[in-house]
Amino acid sequence: NCAYFSPRGDRIVTSSDDFTIKLWDLSGNILSSKKHHVGEVFYSDFVTDLNIISVSKDKSVGLFKVTNNELRFTGQASADGAKLNSCYLDKQRGIATITFAPGSVVILDVLNNRRINDPITRKIFTGFKEKITCANYISRDKKIIAANENGDLILYDRINGVNTVIKAHQAEIR
């Protein structure tokens, strides 16, 4: 579970095993609390001062807007029953790259509340039996990097369709 400052540094978002995400001011006053998920929330963070993402062990990703210091649920994504492994948030672009077991990656445009529907992305990782433990998407270059539990890096260039596997470590990359 976690706690993060807003980009302006005037609020804090927290998440917990009690299935909630909470918005706080710097004096410790709770501004808003939402119990949207039905499982422990292991990640929540500000995308912008007005947008928050949360990731839960219930296999869902929640998207929230902050309006007048109140959390308002705006949307959700899931992996059709797959276990969530990790979430990387590119705050500059508002893109979340989320990995699911055994080897799938979902890319979300958090600011526009939509999944980036990329059939190529879904095909990249389906051949891997190992758990994809983390991933990152570079939208301007159309590239994805992922790592798995065997210490491999998987580099994929969506423009050229090239998939390269590099043995990077002897242990799991997180």
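First things first, this report covers the structure right here in the doc. These numbers come from a predicted model, not from an experiment.

1. With respect to the overall build of the protein
Point 1. Helix and strand counts for the protein stand at 1 helix and 16 strands.
Point 2. Taking the contacts inside the protein whose residues are at least 6 apart along the sequence as the reference set, 33% of them involve residues at least 24 apart.

2. As for the packing of aromatic side chains
Point 1. Tallying each qualifying case throughout the model produces 2 aromatic pairs.
Point 2. Plain terms: the ring middles of Y4 and Y43 are 6.0 Å apart, the flat faces sit at 70 degrees to each other, and that makes the pair edge-to-face. Taken together, the residues Y4 in strand β1 (residues 2-5) and Y43 in strand β5 (residues 41-48) connect sequence positions 39 residues apart.
Point 3. Between F64 and F73 the ring centres are 5.7 Å apart and the planes differ by 70 degrees, which places this aromatic pair in the edge-to-face class.
Point 4. For F73, a relative accessible area of 36% puts it in the partly exposed group.

3. A closer look at the environment of Y137
Point 1. When you line up the elements, Y137 lands in strand β13 (residues 132-138).
Point 2. Y137 sits 40 residues away from T97 along the chain, and the two C-alpha atoms are 6.3 Å apart.

4. Some remarks on the nonpolar core
One recurring pattern in soluble globular proteins is that nonpolar side chains are buried together.
Point 1. Among the nonpolar cores identified, the biggest contains 14 residues, and I53, V61, C87, A96, I98, L108 and V110 are the most heavily contacted of them.
Point 2. If you list the elements that add at least two residues to this core, you get β5, β6 (51-56), β7 (60-67), β9 (84-90), β10 (95-100) and β11 (104-109).
Point 3. No other element matches β9, which puts 3 residues into this core.

5. Details of the pairing of β5
Point 1. Most of β5 is tucked away: 6 of the 8 residues are buried.
Point 2. One ladder, built from 6 bridges, connects β5 with β6; its direction is antiparallel. Looking at the pairing, S44 lines up with S54 of β6.
Point 3. Where β5 folds back on β6, the antiparallel hairpin that results is connected by 2 residues.

6. Description of the pattern of salt bridges
Point 1. Under the definition given, this model contains 6 salt bridges.
Point 2. When the shortest N-O distance is used, the salt bridge between D49 and R8 registers 3.5 Å. Of this pair, D49 sits in the loop between β5 and β6 while R8 sits in the loop between β1 and β2 (11-15), placing them 41 residues apart in sequence.
Point 3. The exposure class assigned to D49 is buried, which follows from its relative accessible area of 13%.
Point 4. On the basis of relative accessibility, which here comes to 58%, the residue R8 falls in the exposed class.

Calculation notes
Residues numbered from 1 in each chain as written. Predicted model: local features only at pLDDT ≥ 70, side-chain atom pairs only at ≥ 80, totals over all residues. Heavy atoms only, no water. Helix = DSSP H or I, 4+ residues; strand = E, 2+ residues; numbered from the N terminus. Contact = heavy atoms within 4.5 Å. Phe/Tyr/Trp six-rings, centres within 6.5 Å; stacked < 30°, edge-to-face > 60°. Buried < 20%, exposed > 50% of the residue type's maximum accessible area, 1.4 Å probe, protein only. Core = buried A, V, L, I, M, F, W, Y, C linked by side-chain atoms within 4.5 Å. Pairing = 2+ DSSP bridges. Salt bridge = Lys/Arg side-chain N within 4 Å of Asp/Glu carboxyl O.

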